[in-house]
Amino acid sequence: MKNSKSEKNKNVRGFYIALGISALMIGSACYFSYKEGDSKAPELSSELSNYAVDRKETDIPKSATVTKATTTHKERSYIIITTANPPESSLPEETEIITSMPKEATVVYEIPAEETVAEAEPEKEEAPPVMNQPLKSPLTVINEFSGQELVKNETTGSWQTHNGTDYKAEIGDDVYSVTDGTITAVNNDPLWGTVVIIQAENGDIYRYCNLSKELNVQKGTGISAGDVIGVVGDTADIESAIEPHLHIEVMRGGKYQNPADFIKEQ
């Protein structure tokens, strides 16, 4: 009976000894693991930091914002990418991927001084030369040149411009050229009767209307101031209601002029 109790006590004592040794070994293992982890922690932290700093642009978080800046000197754009939530590392709050960007350039262009061009003086209109009289004195005007104003025609009763001047005359009175020039036309006009057109040396055009059909000149011949063209007639049907007269017109540059400005009584 005593021997049985002794064996039982030995077995219990051995169990506790084994349990204590196991606990000691487990504690030792935990201690060495802890020490080993402390020694490698700085190296692991350094690697993580380097990884965060050296990562490429493609590793940018989705919450990144993009800002575009443009210089005024050239058409060139720079992109600055910043992260809204940077990792907990040694990175600054704002990570600038493009670290150098030129400052805004101010370009000053030299504008050449405006050339001053002397304004050309307007051409002075040539004063009409004083011509010889188309009829002997005295010159009496029946109907004046109307310019753009409409006047009533005594023959037709219509309102129209009067492009010449009517000088009172007697049928058969001599009509004289008021300028040197060339006879460019001799017409039998249905309204103005017998018409002689003379172009002066300066280009002015003179039309003598209501002449008699018997003329002293023909087309293409030269004529001098004071030469007789023909005589006053009654061939101008458009002014047949007016007493005998010479209708004369002057044109310069394709525009009718007032014959009184060209013809002065001598």
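Rules used throughout
Residues numbered from 1 in each chain as written. Predicted model: local features only at pLDDT ≥ 70, side-chain atom pairs only at ≥ 80, totals over all residues. Heavy atoms only, no water. Core = buried A, V, L, I, M, F, W, Y, C linked by side-chain atoms within 4.5 Å. Buried < 20%, exposed > 50% of the residue type's maximum accessible area, 1.4 Å probe, protein only. Helix = DSSP H or I, 4+ residues; strand = E, 2+ residues; numbered from the N terminus. Contact = heavy atoms within 4.5 Å. Pairing = 2+ DSSP bridges.

*Asks:* Where do I start with the nonpolar core in this structure?
*Replies:* As a rule of thumb, soluble globular proteins bury nonpolar side chains together. One finds Leu135, Tyr208 and Ile229 to be the most contacted residues of the largest nonpolar core, which totals 22 residues. Counting residues per element, the ones that place at least two in this core are β9 (193–200), β10 (205–215), β12 (228–232) and β13 (245–252). If near-sequence neighbours (up to four positions away) are discounted, Tyr208 is found in contact with Val175, Tyr176, Ser177, Val178, Thr194, Val195, Val196, Ile198, Ile229, His247 and Ile248. Ranked by size, the runner-up nonpolar core spans 7 residues in total, among them Trp192, Val195, Ile197 and Cys209.

*Asks:* Can you walk me through the pairing of strand β8 (residues 181–189) in this structure?
*Replies:* Within a regular beta strand, the side chains point alternately toward one face of the sheet and then the other, so they alternate between its two faces. One ladder, built from 8 bridges, connects β8 with β9; its direction is antiparallel. Within the sheet, the bridge partner assigned to Thr182 lies in β9 and is Gln199. The hairpin turn running from β8 into β9, its antiparallel successor, is 3 residues long. Sheet topology note: the β8/strand β11 (residues 222–223) ladder contains 2 bridges and is antiparallel. Across the sheet, Gly181 pairs through a bridge with Ile223, a residue of β11.

*Asks:* Sorry, what's going on with the environment of Glu239 here?
*Replies:* Note that Glu239 resides in the loop between β12 and β13. With 46 residues separating them along the chain, Glu239 and Gly193 place their C-alpha atoms 9.8 Å apart. When sequence neighbours within four positions are dropped, the list of residues in contact with Glu239 reads Thr155, His162, Asp166, Trp192, His245 and His247.

*Asks:* Help me understand the environment of Ala169 in this model?
*Replies:* Along the chain, Ala169 falls in the loop between β6 (165–168) and β7 (174–176). Judged by its relative accessible area of 7%, Ala169 is buried. With 28 residues separating them in the primary sequence, Ala169 and Val141 have C-alpha atoms 9.7 Å apart. Non-local contacts of Ala169, meaning those with residues more than four positions away in its chain, are made with Leu135, Val232, Pro244 and His245.

*Asks:* What is the right way to look at unusual backbone geometry in this model?
*Replies:* Glycine aside, residues mostly have negative phi, and peptide bonds are mostly found in the trans state. Pro138 follows Ser137 through a cis peptide bond whose omega is -5°. As for its placement among the helices and strands, Pro138 is situated in the loop between β2 (77–82) and β3 (141–143). Here the phi dihedral of Asn210 falls at roughly 65°; this positive angle occurs in a residue that is not glycine. Exposure remark for Asn210: the relative accessible area of 4% places this residue in the buried category.

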